[in-house]
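# Observations on the model geometry
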Amino acid sequence: MYATSYHRPSSISEAAALLAATDEAKYVSGGMTLIPTMKQRLAAPAALVDLRHVADMKGIHIDGSRVRIGAATPHAEVAASSALRSACPAVTVLAGLIGDPHVRHMGTIGGSIANNDPAADYPALALALGATIVTDRREIAADDFFTGLFETALEPGELVTAITFDLPEKAGYAKFRNPASRYAMTGVFVARRGGSVRVAVTGAGADGVFRQADMEAALAGNWSADALSGIAVPSSGLLSDIHGDSDYRANLVKVMAKRAVLAAG
Amino acid sequence: MAKVTLTVNGRTVSGECEERTLLVHFIREKLGLTGTHVGCDTSQCGACVVHMDGHSVKSCSILAVQASGSTVTTIEGLAGQGELHPVQAAFKEHHGLQCGFCTPGMVMTAVDMINRHGGNLDEATVRAELEGNICRCTGYHNIVKAVLAADAEMSAGRQAAE
Ligand SMILES: Cc1cc2nc3c(=O)[nH]c(=O)nc-3n(C[C@H](O)[C@H](O)[C@H](O)COP(=O)(O)OP(=O)(O)OC[C@H]3O[C@@H](n4cnc5c(N)ncnc54)[C@H](O)[C@@H]3O)c2cc1C
Ligand code: FES
Ligand code: FES
C-alpha cells in the first residue's frame with residue numbers, strides 16, 4: 001500500500017471540507033472495497049476522509065411509507081433491522097446476502113452505491129425501488145445515478161449522505177452468487193407499486209446494473225413467475241467472463257427474475 | 001506517523017504507526033499478539049478475524065488508524081485463567097482443527113455468531129455464517145460440529161444462570 005494520511009470528521013460539512021482540502025483525497029466508509037484496492041496498489045489516495053464517525057450519515061428511519069437509510073449504515077445493520085424486515089423484507093434479505101458477516105459489519109450502503117461495482121447488490125435495489133440518492137449537494141434519481149462500470153453521476157468530492165425510497169407493495173430479490181467472491185453473478189430485484197413494476201438486474205450487464213423492460217411490461221400485466229416464461233432475454237450487452245458467458249447469464253437473468261417474483265409473493 | 005490508541009483484550013494500548021498500517025500488522029507487530037493470522041491478500045480467508053466494538057471484522061482490511069479509539073478482542077483475549085473459552089474447548093473436543101492456521105479466525109467468527117444467534121444456531125446457519133472463513137484442512141465438517149456444540153453449551157450455561 002502506498003503512503004496516505006487519515007482524517008476523521010464528525011459532520012457532513014467537515015467531511016466535505018476535508019476532502020476538498022487535499023488533492024487526490026478519497027472518502028473511506030466501510031473500506032471493504034477501498035482498503036483491499038489500496039492493498040493491491042490499484043488505488044493510492046493521498047488522504048482518507050473516514051465517514052464512520054459522521055452521526056448524521058447513520059441509521060434507518062421509516063416515516064410512513066418513506067424509508068431513509070444513512071449512507072454510512074453498515075450492511076449488517078440493514079440486514080438485522082426488524083422495522084425494515086416487516087416493512088420490506090427484500091431489503092434485509094439483500095443486505096444479508098452481501099459478502100460475509102465480517103464484510104457486512106464494516107461495508108456500507110453509501111460505499112456500495114458510490115462504488116457501483118457491476119456485481120454489487122445495492123445498485124439493483126436502488127434502481128428497482130426508484131430510490132433517491134441524497135448527496136451533500138442535491139438529490140439524484142437512481143435512474144440517472146448509475147452511469148456505467150464503476151461510474152456514477154457523482155461529481156468530484158460529492159458525498160452520498162443517504163438513500164431514500166418509498167415502500168413498495170411487493171418486492172423480492174434473488175441472487176446467484178459467485179461461489180468464491182460472493183458477489184452477484186446475476187441478481188434481480190423486482191418491485192411493484194400500483195400498476196407499475198420495475199425489474200433491475202445486477203452482475204450480468206456489461207455496463208453495470210440495468211432495467212429489464214420486457215419483464216417489467218409482462219409483470220405489470222400479470223404479477224407471477226409464469227408471466228416471465230415466454231420472455232427471451234437477449235445475451236447482447238451481457239457480461240462474458242471466466243465465470244460464465246453471456247448466454248449463461250441471459251438464462252440466469254430469467255431464472256433469478258422468476259425466483260425474485262416468487263420471493264416477493 | 002499517527003498515534004493509535006486501542007483497548008485490546010481489556011488493556012489500553014497506544015502506539016505510533018504509519019497511517020497505512022493495517023490493524024492486523026499493528027496487532028501482530030506492535031502488540032506482539034501473533035495469534036491473529038494473515039492468510040490471503042484478497043480479504044477472503046478470515047484468518048485475521050478479530051472483534052472490534054463487539055463485532056467480527058477482518059483486521060487485514062482495516063487500517064489501525066480507522067480502528068483507533070475502539071475496543072478490540074483477539075484470540076488471546078478469549079480464555080479465562082488457565083481455562084479455554086467454551087468455543088476453544090469445543091474445537092479441541094470435536095477436532096475442529098488440523099494445521100490450526102485458520103483456527104483463530106474461525107473461533108472469533110464462531111463467538112460472534114453465537115453472540116448474535118445465541119442458542120438458535122442450526123447447521124445451515126453455521127455454514128452460511130462461515131462464508132468469510134476458509135479452511136484448507138478440515139473440510140469444515142468438524143468446525144460446524146464444534147460451533148453447534150459450543151452454542152448448545154453456552155446457551156445451557158446462560159439458562160442455568162438465569
Ligand atoms: C470478501 C468481500 C466480499 C464482498 N461481497 C460483496 C457482495 O456479495 N455484494 C456486494 O454488493 N458487495 C460485496 N462486497 C463489497 C462490499 O459490499 C463493500 O462494502 C461495498 O462495495 C463498498 O462499501 P464500503 O462502505 O466498504 O465502501 P469503501 O470501500 O469505504 O468505499 C468504496 C468507494 O466509494 C467511495 N465512497 C464511500 N462512501 C461514500 C459516500 N458516502 N459518498 C461518496 N463516495 C463514497 C470511496 O471513496 C471509494 O471510492 C464484498 C467485499 C469483500 C471484501
Ligand atoms: S487475511 Fe484477512 S481475510 Fe485473509
Ligand atoms: S485447520 Fe488448517 S486451514 Fe483450517
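Counting restarts for each chain: residues are numbered from 1 in the order of the written sequence. Here chains are named by letter from A upward and ligands by number from 1 upward, in the order in which they appear as written. Local features in a predicted model are, by the rule used here, given only for residues with pLDDT of at least 70; side-chain atom pairs are given and counted only at 80 or more, and totals for whole chains, interfaces and linings are based on all residues. For the side-chain quantities, the full set of heavy atoms in the structure was used; hydrogens and water were omitted.

### A few points about the overall build of chain A
Filter applied, for reference: Strands here are runs of E lasting at least two residues and helices are runs of H or I lasting at least four, both read from the DSSP assignment and numbered beginning at the N terminus. Restricting the calculation to C-alpha atoms gives the radius of gyration, and the globule rule supplies 2.2 Å times the number of residues raised to the power 0.38. Throughout, exposure labels follow a simple rule: accessible area from a 1.4 Å probe, protein chains only, divided by the maximum for the residue type, with under 20% read as buried, over 50% as exposed, and the rest as partly exposed.
A count of helices and strands for chain A gives eleven helices and 14 strands. In summary, chain A has a C-alpha radius of gyration of 18 Å against a globular reference of 18 Å for 265 residues, a match within 12%. The principal-axis extent of the C-alpha atoms belonging to chain A is close to 55 × 45 × 30 Å. When the 265 residues of chain A are sorted by exposure, 55% land in the buried category.

### Things to note about the site of ligand 1
Applied cut-off: It suffices for a single heavy atom of a residue to lie within 4 Å of a molecule or strand for the residue to be listed as near it. Here a polar contact is recorded for every N or O atom pair within 3.5 Å, except that within protein the pair must consist of a potential hydrogen donor and a potential acceptor, and residues adjacent in sequence are included only if both atoms are side-chain atoms. Surface accessibility follows the Shrake-Rupley procedure with a 1.4 Å probe radius. Residue values consider only the protein chains on display as shielding.
Around ligand 1 sit 32 residues in total, of which Y27, S29, T108, D121 and R182 of chain A are the nearest. Neighbouring residues of ligand 1 are not confined to one chain but are distributed across chains A and B. Here an oxygen atom of ligand 1 sits 2.9 Å away from a polar atom, N or O, in the side chain of H75 of chain A. Taking 970 Å² as the accessible area of ligand 1 by itself, protein coverage stands at 94%. Elements that contribute at least two residues to the shell around ligand 1 include exactly strand 2 (25-28) and helix 7 (109-115) of chain A.

### Examining the UniProt feature "domain: FAD-binding PCMH-type" (unreviewed entry) in chain A
Rules: UniProt positions are given in the numbering used here, feature names are shortened, and annotations may be inferred rather than shown by experiment.
According to UniProt, the positions carrying the feature "domain: FAD-binding PCMH-type" (unreviewed entry) are residues 1-170 of chain A. Secondary structure content for residues 1-170 of chain A is 35% helix and 24% strand, and the end C-alpha separation is 45 Å.

### Observations concerning the interface of chain A and chain B
Quick reminder of the rule: Contacts between residues were defined by any pair of non-hydrogen atoms, one from each residue, lying within 4.5 Å. Summed over both partners, the accessible area lost on bringing two parts together, with a 1.4 Å probe, is the buried area. Only one rule defines a salt bridge in this text: a Lys or Arg side-chain nitrogen within 4 Å of an Asp or Glu carboxyl oxygen. The classification used treats Ala, Val, Leu, Ile, Met, Phe, Trp, Tyr, Cys and Pro as nonpolar, Asp, Glu, Lys and Arg as charged, and all other residues, Gly among them, as polar.
If you look at the interface, chain A gives 31 residues, while chain B gives 28 residues. Three residues, K39, H102 and H105 of chain A, lead the burial of chain A against chain B; their summed loss comes to 27% of the area buried on that side. Applying the counting criterion to the chain A and chain B interface returns three salt bridges. Among the ionic pairs, E131 of chain B bridges to R177 of chain A, the shortest N-O distance being 2.2 Å. Among the elements of the structure, strand 1 (5-7), helix 2 (34-39), strand 3 (47-50) and helix 6 (101-106) of chain A are those that each provide at least two residues to the side of chain A that touches chain B. Residue classes in the side of chain A that touches chain B are distributed as 13 nonpolar, eleven polar and seven charged.

### So, the sheet that holds strand 4 (residues 60-63) of chain A
Residue and element names in this part refer to chain A. This is how the line gets drawn: In this description, strands pair whenever DSSP reports at least two bridges between them. Lines fitted to the C-alpha atoms define the axes, with helices restricted to the stretch that makes contact. Angles between their N-to-C directions range from 0 to 180 degrees.
Taken in spatial order, the five strands of this open sheet run 4-5-10-6-7, and their pairing is antiparallel. Looking at which strands have only one partner, the edges of the open sheet turn out to be strand 4 and strand 7 (139-141). Strand-to-strand twist of the sheet, defined as the mean angle between neighbouring strand axes without regard to direction, takes the value 20 degrees. Where strand 5 (residues 66-70) meets strand 10 (residues 160-166), five bridges bridge the pair, whose relative direction is antiparallel. Within strand 10, the residue paired with R68 across the bridge is T164.

### Some details on the packing of aromatic side chains
Residues and elements named next belong to chain A. Heads up, the rule is: Only rings of Phe, Tyr and Trp enter the pairing, Trp through its six-membered ring, and a pair is recorded when the two centres are within 6.5 Å. The plane angle decides the type: under 30 degrees is stacked, over 60 is edge-to-face, the rest tilted. Counting as a charge over the ring demands two things of the Lys NZ or Arg CZ atom: a distance within 6 Å of the ring centre and an angle within 35 degrees of the ring normal.
Following the criterion strictly, the structure yields two aromatic pairs over all chains and no others. With a centroid separation of 5.1 Å and 85 degrees between ring planes, the pair formed by F145 and F146 is classed as edge-to-face. Assessed through its relative accessible area of 12%, F146 is described here as buried. The interplanar angle of 35 degrees and the centroid separation of 5.9 Å between the aromatic rings of Y173 and F189 together place this pair among those described as tilted. You can see Y173 sitting in strand 11 (residues 170-177) and its partner F189 sitting in strand 12 (residues 184-193), a full 16 residues away along the chain. Above the ring of Y2, the side-chain terminus of R41 is found at 4.4 Å from the ring centroid.

### Regarding the side chain of N116 of chain A
Residues and elements named next belong to chain A. Within the element layout of this structure, N116 appears in the loop between helix 7 and helix 8 (122-128). There is a polar contact of 3.0 Å between the side chain of N116 and the backbone oxygen of G148. When residues no more than four places from it in sequence are discounted, the contact partners of N116 are P123, F146, T147, G148, L149, F150, E151, T152 and V209.

### Here's the deal with the side chain of S59 of chain B
All names here are of chain B. Tracing the backbone through its elements, the reader meets S59 in the loop between strand 4 (55-58) and helix 2 (64-67). At 2.6 Å, the side chain of S59 forms a polar contact with the backbone oxygen of C48. When sequence neighbours within four positions are dropped, the list of residues in contact with S59 reads L22, L23, V24, T36, C48 and V50.

### Topic: the pairing of strand 3 of chain A
Residue and element names in this part refer to chain A. Inclusion rule: Consider the strands pointing away from the viewer: the crossover is right-handed when the path from the first strand over the helix to the second runs clockwise.
A two-sided burial pattern is seen for strand 3, the buried positions comprising A47 and V49 on one face and L48 and D50 on the other. Relative to strand 3, strand 1 runs parallel, the two being bridged by three bridges. Paired with S5 across the bridge in strand 3 is A47. As paired elements, strand 2 and strand 3 share four bridges and run parallel to each other. The residue of strand 3 that forms the bridge with K26 is L48. Crossover strand 2 to strand 3 through helix 2 is right-handed.

### Observations regarding the environment of V87 of chain B
Residue and element names in this part refer to chain B. Mapping V87 onto the fold places it in helix 3 (residues 86-93). Take V87: its relative accessible area is 0%, and that puts it in the buried class. On a C-alpha basis, the gap between V87 and A110 in space is 7.2 Å, while along the polypeptide they are 23 residues apart. In contact with V87, not counting residues within four places along its chain, are V107, A110, V111, I114, A150 and M154.

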